[in-house]
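Architecture at a glance
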Amino acid sequence: MTDKPDTPVWREEFSVQAPEDAYVLRRQFTKFLVLTSLGMACGNGWIWMRSLLAREAPAYPEQAIGRVSEIAAGSVKLFSYPGPNDPCILLRRPDGSLAAFSQKCTHLSCAVYYAAARDRLECPCHEGYFSPADGRVLQGPPPRPLPRIALRIDGDEVFAVGVEEGAAS
Amino acid sequence: VNPLERRRRRVAIEAVMVCIVVLLMVQMWLLTATLEAYLAGHRDPAGPAFAFSLVLAAIAGTLYLLVGRLDRASGPTERPQGGSGPWMMGNEPR
């Protein structure tokens, strides 16, 4: 016999107690949230470790990337620097000045190109525009300027000598 | 577990859930902002952001432990006993 005569038979026979199960589910979900919170802290710890390791400025190699005479005003030359998987773009503006930037858009790493007619670097994916003078963001979703490649011009030869990370826009 | 106790437990776990979700949102923002700063070449905020994120995680863990303490104080959760269906085989017949 049962201690609770008011309880319907179906409730006694049914093996699942919904309120208790809902509580256990909430508790498990809360546990998951706490573990996610720990994961976030670990992510911040990883960035901190990377920051500590990156305190010393890396030594960039000097690399010949082309000749001034072979790049006409308004045209570009593509190269990789400092590694083979770091695409960069060397451009000569209509006024004749040279500048080089990483070709990876700071939004989602699409390849930017130089639009000579509008004198700006453009990302075709989400219409992010950068200034060819210093790489700063002119428009669109990119959060940071393009990393600038430091150049050294020796006679007719152009050398890449370093990478300057852009500050937040 | 009587209905009042059950209600108390449920309110407690839901309040803790809301608090932890808020903490988690702050941590998400913190992680995103720190990563953006790091990628932009600003290394200095990483240390304080990590310390703050650890504090938030510790608060979330403490809140979760409080729920466990509340559970222990109110006794074990009752499970249904008896019944005659196949899922209850092995129980004492009533």
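It should be emphasised that the depicted structure is a prediction, and the values quoted were computed from it without experimental measurement.

**Overview of the pattern of salt bridges**
Residue and element names in this part refer to chain A. Evaluated as defined, the whole model comprises 10 salt bridges over all chains. The partner of D134 in a salt bridge is R136, and the shortest N-O contact between them spans 3.2 Å. D134 gets classed as partly exposed once you look at its relative accessible area, which sits at 34%. Given a relative accessible area of 42%, R136 falls into the partly exposed group. The salt bridge involving R152 is made with D154; its shortest N-O contact spans 3.7 Å. Given the relative accessible area of 44%, D154 is considered partly exposed. Sharing partners across several salt bridges, the network here consists of E62, R152 and D154.

**Quick look at helix α1 (residues 3–39) of chain B**
Helix length check: α1(B) (37 residues) gives 53 Å between terminal C-alpha atoms against 54 Å at 1.5 Å per residue, within 8%. Positioned one or two residues after α1(B), G41(B) has a phi angle of 95°, which is positive.

**Points about the pairing of strand β6 (residues 120–123) of chain A**
Residues and elements named next belong to chain A. Burial along β6 is two-sided: R120 and E122 and L121 and C123, pointing in opposite directions, are all buried. Strand direction decides the pairing type here: strand β5 (residues 113–115) and β6, joined by 3 bridges, are antiparallel. The residue bridging Y113 from the neighbouring strand is E122, located in β6. Two successive antiparallel strands, β5 and β6, enclose a turn made up of 4 residues, where D119 displays a positive phi of approximately 50°. In this structure, β6 lies alongside strand β7 (residues 128–130), joined through 3 bridges in antiparallel fashion. Paired with L121 across the strands is F130, a residue of β7. As consecutive antiparallel partners, β6 and β7 are separated by 4 residues, and within that stretch E127 has a phi angle of approximately 55°, a positive value.

**Considerations on the state of the cysteines**
Residues and elements named next belong to chain A. This structure, assessed with the given rule, holds 1 disulfide over all chains. Covalently, C110 is tied to C125 through a disulfide, its sulfur atoms 2.1 Å apart. With the S-S dihedral at roughly -100°, the linkage between C110 and C125 falls on the left-handed side. Highlighted residues: C110 in the loop between β4 (98–102) and β5 and C125 in the loop between β6 and β7, separated in sequence by 15 residues. C110 sits in the buried class, given a relative accessible area of 17%. Owing to a relative accessible area of 39%, C125 belongs among the partly exposed residues under this scheme.

**Quick look at the sheet that holds strand β9 (residues 148–154) of chain A**
Residue and element names in this part refer to chain A. With antiparallel pairing, the 6 strands of this open sheet are ordered in space as β1-β10-β9-β4-β3-β2. One side of each edge strand has no neighbouring strand; the edge strands of this open sheet are β1 (63–67) and β2 (76–80). Put simply, the sheet's adjacent strands are angled 30° from each other on average, direction ignored. Two elements, β2 and strand β3 (residues 87–92), share 5 bridges in a ladder whose sense is antiparallel. What sits directly across from S80, in β3, is P87.

**What to know about the sheet that holds β6(A)**
Residues and elements named next belong to chain A. Across the sheet, 4 strands lie side by side as β5-β6-β7-β8; this open sheet has antiparallel pairing. Here the strands that pair on one side only, and so sit at the sheet edges, are β5 and β8 (137–139). With direction set aside, neighbouring strand axes in the sheet form an average angle of 40°.

**With respect to the packing of aromatic side chains**
Scanning the entire structure with this criterion turns up 3 aromatic pairs over all chains. Taken together, a centroid distance of 5.4 Å and an interplanar angle of 20° make the contact between W48(A) and F50(B) stacked. Note that W48(A) is positioned in helix α2 (residues 18–53) and F50(B) in helix α2 (residues 46–74), a pairing that runs across two chains. Accessibility expressed as a relative area gives 18% for F50(B), which makes it buried.

**Comments concerning the layout of surface pockets**
Put simply, the largest pocket is a space of about 850 Å³. Lining the largest pocket are 32 residues, with Y60(A), P147(A), V163(A), E165(A) and L39(B) sitting closest to its centre. Contributing elements (two or more residues each) for the lining of the largest pocket: α2 and β3 of chain A together with α1 of chain B. The residue makeup of the lining of the largest pocket, split by class, is 19 nonpolar, 5 polar and 8 charged.

**What about the side chain of S37(A)?**
With respect to the helices and strands, S37(A) occurs in helix α2. Accessibility expressed as a relative area gives 1% for S37(A), which makes it buried. Among the polar contacts listed, one links the side chain of S37(A) to the side chain of Q27(B), at a separation of 2.6 Å. Those residues in contact with S37(A) that lie beyond four places of it in its chain are L24(B), Q27(B), L56(B), A57(B) and A60(B).

Calculation rules
- Residues numbered from 1 in each chain as written.
- Chains lettered and ligands numbered in written order.
- Predicted model: local features only at pLDDT ≥ 70, side-chain atom pairs only at ≥ 80, totals over all residues.
- Heavy atoms only, no water.
- Salt bridge = Lys/Arg side-chain N within 4 Å of Asp/Glu carboxyl O.
- Buried < 20%, exposed > 50% of the residue type's maximum accessible area, 1.4 Å probe, protein only.
- Helix = DSSP H or I, 4+ residues; strand = E, 2+ residues; numbered from the N terminus.
- Expected span 1.5 Å × (residues − 1).
- Pairing = 2+ DSSP bridges.
- Disulfide = S-S within 2.5 Å.
- Axes fitted to C-alpha atoms, helices over the stretch in contact; angles between N-to-C directions.
- Phe/Tyr/Trp six-rings, centres within 6.5 Å; stacked < 30°, edge-to-face > 60°.
- 1 Å grid on protein atoms, 1.4 Å probe; cavity = no way out; pocket = protein on both sides within 12 Å on 5 of 7 lines; lining within 4 Å.
- Points joined across faces, edges and corners; volume = space filled by probe spheres on them.
- Nonpolar A, V, L, I, M, F, W, Y, C, P; charged D, E, K, R; others polar.
- Polar contact = N/O pair within 3.5 Å; in protein donor to acceptor, adjacent residues only side chain to side chain.
- Contact = heavy atoms within 4.5 Å.

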